[in-house]
Amino acid sequence: CSSGHQNCRSIENDNIKLWKTFMEQRAREKVDEDYEDVYLNGGLMAGYARNLLKMLDTIDIGSTEDDQAVLSDLMYSFPDMIVL
């Protein structure tokens, strides 16, 4: 289902497992405390305009795509592009 539609839940798959493991490992490397919620949330973005525009060009997201999944894949593929 597309992000934003009522009752839309992600289906656990290999990509989601990879992204979760990656974000959990990254959180452990960056902070010295345990947190339950260490996953990317695309609801707020901050940065220099040129960097945000570059990111948006890179993801080339469609209107029906899941922004969380696309941004999670971007962070997995280009870890230096996104900071949580």
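Visitor: Please explain the nonpolar core as it appears in this structure.
Guide: A general trend in soluble globular proteins is that nonpolar side chains are found buried together. Of all hydrophobic cores here, the largest spans 12 residues; its members are Ile 16, Trp 19, Phe 22, Met 23, Leu 40, Met 55, Ile 59, Val 70, Leu 71, Leu 74, Met 75 and Ile 82. Within the residue set of this core, elements represented by two or more residues are helix H1 (14–30), helix H2 (49–59) and helix H3 (67–77). Apart from the residues lying within four places of it in its own chain, the contact partners of Leu 40 are Met 23, Gln 68, Leu 71, Ser 72, Met 75, Ile 82 and Leu 84.

Visitor: How should the side chain of Ser 72 be read in this particular structure?
Guide: Here Ser 72 shows up in helix H3. Classification of Ser 72 as buried rests on a relative accessible area of 7%. Among the polar contacts made by the side chain of Ser 72, one reaches the main-chain carbonyl oxygen of Gln 68 at a distance of 2.7 Å. Each residue touching Ser 72, except ones within four places of it in the same chain, is listed here: Trp 19, Met 23 and Leu 40.

Visitor: Would you mind going over unusual backbone geometry with me for this structure?
Guide: Trans is the prevailing form of peptide bonds, just as negative phi is the prevailing case for residues other than glycine. Despite not being glycine, Asp 60 has its phi angle at roughly 45°, a positive value. Here Asp 60 lies in the loop between H2 and H3. Overall, the relative accessible area of 60% leaves Asp 60 in the exposed class.

How each quantity is defined
Residues numbered from 1 in each chain as written. Predicted model: local features only at pLDDT ≥ 70, side-chain atom pairs only at ≥ 80, totals over all residues. Heavy atoms only, no water. Core = buried A, V, L, I, M, F, W, Y, C linked by side-chain atoms within 4.5 Å. Buried < 20%, exposed > 50% of the residue type's maximum accessible area, 1.4 Å probe, protein only. Helix = DSSP H or I, 4+ residues; strand = E, 2+ residues; numbered from the N terminus. Contact = heavy atoms within 4.5 Å. Polar contact = N/O pair within 3.5 Å; in protein donor to acceptor, adjacent residues only side chain to side chain.

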